[in-house]
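# What the coordinates show
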Amino acid sequence: MQKVRRVISAIVMNESSVLARVSGLFAGRGYNIDSLTVAPVPGSEMSHITIVTNGNQKVIEQITKQLNKLIPTLKVIEHEEMVEKEMVLVKFPIDAPLSDIQALCDAYNGGIVNVGVDMVIAMVADEPVRIMHFIEATQRYKPIEVVRGGVVAIER
Amino acid sequence: MQMNGAQMVCEALIAEGVKTVFGYPGGAIMNVYDEIYKQDGFEHILNRHEQASVHAADGYARATGKVGVAMVTSGPGFTNAVTGLATAYMDSIPMVVISGQVPLSLIGTDGFQEIDAVGISRPCTKHNYLVSSIEDLPRILKEAFHIAASGRPGPVLVDIPKDITAEFGDFIYPSEVHIPTYKPNYKGNDRQIKKASEAIKKAKKPLLYLGGGVVLSDASDFVKELANLCQIPAVETLMARGVMGAKNPLLLGMLGMHGNYASNMAMSETDLVISLGARFDDRVTGKLSEFAKYADIIHVDIDPANISKLVDVDYPIVGDITTVLKKLLVYLEDVDTTRYQAWREVLTRYDNLHPQSFKDSDEVLMPQWVIERVGELLGEDAIITSDVGQHQMWAAQHYPFDRPRQWINSGGLGTMGFGFPAAIGAKRGCPEKTVINITGDGSILMNMQELVTASEYKIPVINIILNNHYLGMVRQWQTFFYDKRYSETDLSYQPNYKALAESCGGIGYDVTTKEEFDKALKDAIDQDKVCFMNVTVSRLENVLPMVPSGGALYNMLLDHKE
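Residues numbered from 1 in each chain as written. Chains lettered and ligands numbered in written order. Predicted model: local features only at pLDDT ≥ 70, side-chain atom pairs only at ≥ 80, totals over all residues.

## Brief notes about the overall build of chain A
- Scanning chain A for helices and strands turns up 4 helices and 8 strands.
- Element order for chain A, N to C, with α for helix and β for strand: β-α-β-β-α-β-β-α-β-β-α-β.
- Its C-alpha atoms put chain A at 55 × 40 × 30 Å along the principal axes.
- Per-residue burial over chain A gives 26% buried out of 156 residues. (Helix = DSSP H or I, 4+ residues; strand = E, 2+ residues; numbered from the N terminus. Buried ≥ 20, exposed ≤ 12 C-beta atoms within 10 Å, placed from the backbone.)

Spelled out as structure tokens, the structure:
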């Protein structure tokens, strides 16, 4: 069976061990995690976990079922039609051409968010594919550090 | 009412109707043991190893259908309990295990006897809790019992730091649970049930494939009614032995790696599998691509994750078997049973061709004879537990199980050392039944310290050790697949089982003939004491039929020439 990329959201009780339950499930059953983000759902006792995974359709089906089976899981959404965004922070040395970096950020709806004595930090939030492209484009300016935030998604 | 956490634990157990707790004290759980000392709402059985405590609670649960309860201390007490948790988890047994933990302030400091119990037990419990505040304790205990027994049952661990068992708080035991994220579906989709009934009516060669879920759902009467109404033949998994009843003409037997010829052929040729509470385990299916190759599949299971996990299912029904079957039976009232007549005749021919049998001997006791003899003498009056290995398979093949919960064994995890403590738990839960542990000379030593427990509490469990001086099942694989290189399976060096039992306050028998066996069994039942019956059996007997691991179900080794 063909491998597919899937974005899955799990709405879970916001309790201390819940992330360990989810990540342990993936590790124990041999499922892949490409990225995982988690944050509280405002105004509730729930957390929203977004997981990007890959596997054949049978594996994806098992992942959603096994996630659902965890006691603290309220619901699992296997995203089909979604808006999907990821954030990245890139640190450049101060001697990099700032106007080039600014132009690059503009092209990806981002900007320079911090400048220090010896470095400058750019931020971009966009679709994961575009984040990849942005990171590729920054390579010629010799970034010191790149930190990706992981995918968050919302069903349309 | 104000009380400390330890009292709350006792009060909760009493409120849940717990009559027996199996356990072992230690530093972090001492506060609770202090309250156990003061109360008389339930009895406590002191096993001589935490693993045995958990297996005993498990055996109690399997025999009675109630939630089994075990109690252990932190650190090694808990880690010893892990095998018991995993055993219960794999077979979906309702159980609550309460473990002590180091005080909250010491958690994470590598304190004495500290281990991350919830971390270790996460993959082998249905759910687990680390209690972090006295206010949460009553709710957590209530939830633990609810989660253990509802939906697909399973073990739940409640890990309680020592300072919380000492702390005082208000005890109001909740009358019901409210877990918004946990709502098992019992009902089953009506449209799917209707569709399944139509598939049954259209089939020519339907087959009931019964799993342990039938036992857990106490659905065996409805399953028998379904089989009877439609005249559909049935096969049982290892976990479902006893559901149909040995004398039921519609029962073909057990299927799988050591299933009988008719059962495995039925599964290979059926055009409609009606799976009830079975999970298509690899020991059942053999080579997946050849399993029930010509069949559509109806799968009733309370756990949606079991459906289409290994085999694609055509009629998935998520629900409790009893609830689903009640509806299904209505839709099937007008079923034409003559449709399956030819199919039943084929299967009868298969059964006559290669019946489940063995070659008896006059020179040496055959293990199968011993099991059939116990069946003749005790039949449905006995509860049979077993350990893991050849004796387990022979018991499953040859004992005439007549009712669910009569057969207790570690099917999923395959835990050697399970049988004896499980028998202790079963006997405590069903004191009116004769409880027999059919075991081997490998397995029995893995929890033999329970001789002391059984003697102290006068729990007369009869251990029949089918002694072939080998780690028999591994030896059998070495014979078949490793060119008879018997690596570390020769158990010729043996204890004196009779003396061993006697030294712990039990009785021992050495048996080498049929006459001796009959005499010993009668005596063991009369004596009402725990016993080790050391039965010397044929050394190199193999469990047959056998489907080699990974092979197709229809390719069975039916006999093996030395």
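Still more ground to cover, so stick around.
## A short note on the domain arrangement of chain A
Residue and element names in this part refer to chain A.
- As assigned here, chain A comprises domain 1 (4-80) and domain 2 (83-155).
- Taken over C-alpha atoms, the centre of domain 1 sits 27 Å from the centre of domain 2.
- Taken together, the contact between domain 1 and domain 2 spans 9 residues of the former and 7 residues of the latter.
- Among the elements of the structure, β1 (4-13), β2 (35-40) and β3 (46-55) are those that each provide at least two residues to the side of domain 1 that touches domain 2.
- Per element, the largest residue contribution to the side of domain 1 that touches domain 2 is 3 residues, and it comes from β2. (Domains from an automatic or database assignment. Contact = placed C-beta atoms within 7 Å.)

## Examining helix α3 (residues 50-64) of chain B
Residue and element names in this part refer to chain B.
- Here α3 contains 15 residues, and its C-alpha end-to-end distance of 21 Å stays within 8% of the 21 Å for a straight helix at 1.5 Å per residue.
- Burial of α3 is extensive: 14 of the 15 residues sit out of reach of the surface.
- Of the residues trailing α3, G65 is marked for its positive phi of about 85 degrees. (Expected span 1.5 Å × (residues − 1).)

## Digging into the sheet that holds strand β12 (residues 272-276) of chain B
Residue and element names in this part refer to chain B.
- In spatial order, the strands read β11-β10-β9-β12-β13-β14; together these 6 strands make up an open sheet with parallel pairing. Looking at which strands have only one partner, the edges of the open sheet turn out to be β11 (251-254) and β14 (315-318). Here the strands of the sheet are splayed against their neighbours by 15 degrees on average, with no regard to which way each runs.
- Pairing geometry for strand β13 (residues 296-301) and β14, over 4 bridges, is parallel. Residue pairing across strands places H299 opposite P316, the latter belonging to β14. (Pairing = 2+ DSSP bridges. Axes fitted to C-alpha atoms, helices over the stretch in contact; angles between N-to-C directions.)

## Comments concerning the packing of α3(B) against helix α17 (residues 419-429) of chain B
All names here are of chain B.
- For the pair α3 and α17, the least separation of the axes is 6 Å and the interaxial angle reads 45 degrees. As the angle between them shows, α3 and α17 are arranged oblique. In the crossing of α3 with α17, the sense of the turn from one axis to the other is right-handed. Residues A52, H55, A56, A57, D58, G59, Y60, R62, A63 and T64 of α3 form the contact with α17, whose participating residues are P421, A422, A423, I424, G425, A426, R428 and G429.
- Counted by class, the contact of α3 with α17 contains 10 nonpolar, 5 polar and 3 charged residues. (Parallel < 35°, antiparallel > 145°, perpendicular 65-115°, else oblique. Left-handed = near helix turned anticlockwise from the far one by under 90°. Nonpolar A, V, L, I, M, F, W, Y, C, P; charged D, E, K, R; others polar.)

## Considerations on the pairing of β12(B)
Residue and element names in this part refer to chain B.
- Along β12, 5 of the 5 residues are buried, which leaves the element largely enclosed by surrounding structure.
- In terms of strand pairing, strand β9 (residues 206-210) meets β12 through 5 bridges, oriented parallel. By the bridge assignment for β12, P206 is matched with L272.
- Two elements, β12 and β13, share 5 bridges in a ladder whose sense is parallel. Note that in β13 the partner of V273 across the bridge is I297.

## Some words on the nonpolar core
- Formed by 178 residues in total, the largest nonpolar core has its most connected members in B:V96, B:L210 and B:M533.
- Ignoring anything within four residues of it in the chain, the contact list for B:V96 reads B:V67, B:V69, B:A144, B:F145, B:A148, B:V156 and B:V158.
- Counting 17 residues, the second largest nonpolar core, distinct from the first, contains A:V12, A:V52, A:I63 and A:V76. (Core = buried A, V, L, I, M, F, W, Y, C linked by C-beta atoms within 7 Å.)

## Side note on the sheet that holds strand β2 (residues 20-23) of chain B
Residues and elements named next belong to chain B.
- Taken in spatial order, the 6 strands make up an open sheet running β3-β2-β4-β5-β7-β6, and their pairing is parallel. Every interior strand has two partners, whereas the edge strands, β3 (43-46) and β6 (127-130), have only one. Strand after strand, the sheet turns through a mean of 20 degrees between neighbouring axes, direction not considered.
- Here 2 bridges tie β2 to strand β4 (residues 68-72), and the two strands are oriented parallel to one another. The residue bridging G23 from the neighbouring strand is M71, located in β4.

## Considering the domain arrangement of chain B
Residue and element names in this part refer to chain B.
- Per the domain assignment, the segments making up chain B are domain 1 (2-170), domain 2 (190-353) and domain 3 (367-536).
- The centre of domain 1, based on its C-alpha atoms, is set 37 Å off from the matching centre of domain 2.
- Each partner contributes to the interface: domain 1 provides 6 residues, whereas domain 2 provides 6 residues.
- Here the side of domain 1 that touches domain 2 is built from residues that sort into 1 nonpolar, 3 polar and 2 charged.

## Details of the environment of B:I274
- Along the polypeptide, B:I274 turns up in strand β12.
- With sequence-adjacent residues up to four places away left out, B:I274 is seen in contact with B:I200, B:P206, B:L207, B:L208, B:Y209 and B:I298.

## Description of unusual backbone geometry
- Following B:L544, the chain continues to B:P545 via a peptide bond in cis, the omega torsion being 0 degrees.
- The residue B:P545 is located in the segment after β20 (531-536) in this model.
- Positive phi values are uncommon outside glycine, yet A:N109 reaches one of about 55 degrees.
- With respect to the helices and strands, A:N109 occurs in the loop between α3 (98-107) and β6 (111-115).
- Judged by C-beta crowding, with 11 C-beta atoms within 10 Å, A:N109 ranks as exposed.
- Non-glycine residue B:S92 carries a positive phi angle of around 55 degrees.
- Mapped onto the elements, B:S92 comes out in the loop between α4 (76-90) and β5 (95-101).
- Classification of B:S92 as buried rests on a count of 23 C-beta atoms within 10 Å.

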